[in-house]
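An overview of the molecular structure
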Amino acid sequence: MKHREVRLTDGALQDIDNAVSFYNQIEYGLGRYFFDSILADIESLEFFGGLHQRHFGHYASPAKRFPFVIYYKVDETFVDVRAVLDTRKNPANTAQHLKR
């Protein structure tokens, strides 16, 4: 198991922010729970990055508690999180989102 630094792109940060807002509209505090949960999933990529299946040219790690997938790329030093996307959306939209 190799230790790599995890970095989030601006797009991934925006995806997380959008999801937090969405869950806060459903119930106060749910957005914070989503944030804490997804952050733990992202932090696990420090050690487990590169072990997931590839989808749309990216590694795809399913979130543990929410219907989201963390899309990322790996090199020798870094795990770059490119997107954090809801699995309930159209896969064609996911492919387009990852091309940006």
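Each remark here, short or long, concerns the structure printed above.
Model, not experiment: these values are computed from the prediction.

Examined against the element boundaries, V79 turns out to sit in strand 5 (residues 78-86). As for V79 and G29, which are separated by 50 residues in sequence, their C-alpha atoms are 29 Å apart. In this structure, V79 is in contact with R4, E5, V6, R7, L45, G49, Y72, K73 and V74, ignoring residues within four places of it in sequence.

On to helix 2 (residues 30-43). Taking 1.5 Å as the rise per residue, helix 2 with 14 residues should run 20 Å; its terminal C-alpha atoms sit 20 Å apart, in good agreement. Buried residues of helix 2: G31, F34, S37, I38, D41 and I42, and no others. For helix 2, the arc enclosing every buried residue in end-on projection is 140°, short of the 170-degree limit, so these residues lie on one face. Close packing links the buried residues of helix 2 with strand 1 (5-8), helix 1 (10-26), helix 3 (45-48), strand 4 (68-74) and strand 5.

Between helix 1 and helix 2, whose axes approach to 7 Å, the crossing angle comes to 145°. As for how helix 1 packs across helix 2, the hand of that crossing is right-handed. Residues I16, A19, V20, Y23, N24 and I26 of helix 1 pack against L30, G31, R32, F34, F35, I38 and I42 of helix 2. Considered class by class, the residues forming the contact of helix 1 with helix 2 number 10 nonpolar, two polar and one charged.

The subject of this paragraph is the side chain of R4. Positionally, R4 belongs in the segment before strand 1. For R4, which is buried and forms no salt bridge, the nearest opposite charge comes from E76, at a distance of 5.1 Å. A distance of 3.4 Å separates a polar atom in the side chain of R4 from the backbone oxygen of G49. What R4 contacts, discounting residues up to four positions off in sequence, is E46, G49, V74, D75, E76, T77, F78 and V79.

The tally for this structure, following the rule as stated, stands at nine aromatic pairs. A ring pair is formed by Y59 and Y72, whose centres lie 5.3 Å apart and whose planes are at 20°; its orientation type is stacked. Separated by 13 residues along the polypeptide, Y59 in strand 3 (residues 58-62) and Y72 in strand 4 bring together distant segments of the chain. Summarising the burial analysis for this pair, Y59 and Y72 share the class buried. One aromatic cluster is present, built from ring pairs that chain together F22, Y23, Y33, F34, F66 and F68. In this arrangement the basic side chain of R54 is found over the ring face of Y59, its NZ or CZ atom lying 4.2 Å from the centre.

Cut-off values and rules
- Residues numbered from 1 in each chain as written.
- Predicted model: local features only at pLDDT ≥ 70, side-chain atom pairs only at ≥ 80, totals over all residues.
- Heavy atoms only, no water.
- Helix = DSSP H or I, 4+ residues; strand = E, 2+ residues; numbered from the N terminus.
- Contact = heavy atoms within 4.5 Å.
- Expected span 1.5 Å × (residues − 1).
- Buried < 20%, exposed > 50% of the residue type's maximum accessible area, 1.4 Å probe, protein only.
- Arc of directions from axis to C-beta.
- Axes fitted to C-alpha atoms, helices over the stretch in contact; angles between N-to-C directions.
- Left-handed = near helix turned anticlockwise from the far one by under 90°.
- Nonpolar A, V, L, I, M, F, W, Y, C, P; charged D, E, K, R; others polar.
- Lys, Arg positive; Asp, Glu negative; His and termini not counted.
- Salt bridge = Lys/Arg side-chain N within 4 Å of Asp/Glu carboxyl O.
- Polar contact = N/O pair within 3.5 Å; in protein donor to acceptor, adjacent residues only side chain to side chain.
- Phe/Tyr/Trp six-rings, centres within 6.5 Å; stacked < 30°, edge-to-face > 60°.
- Lys NZ or Arg CZ within 6 Å of the ring centre and 35° of its normal.

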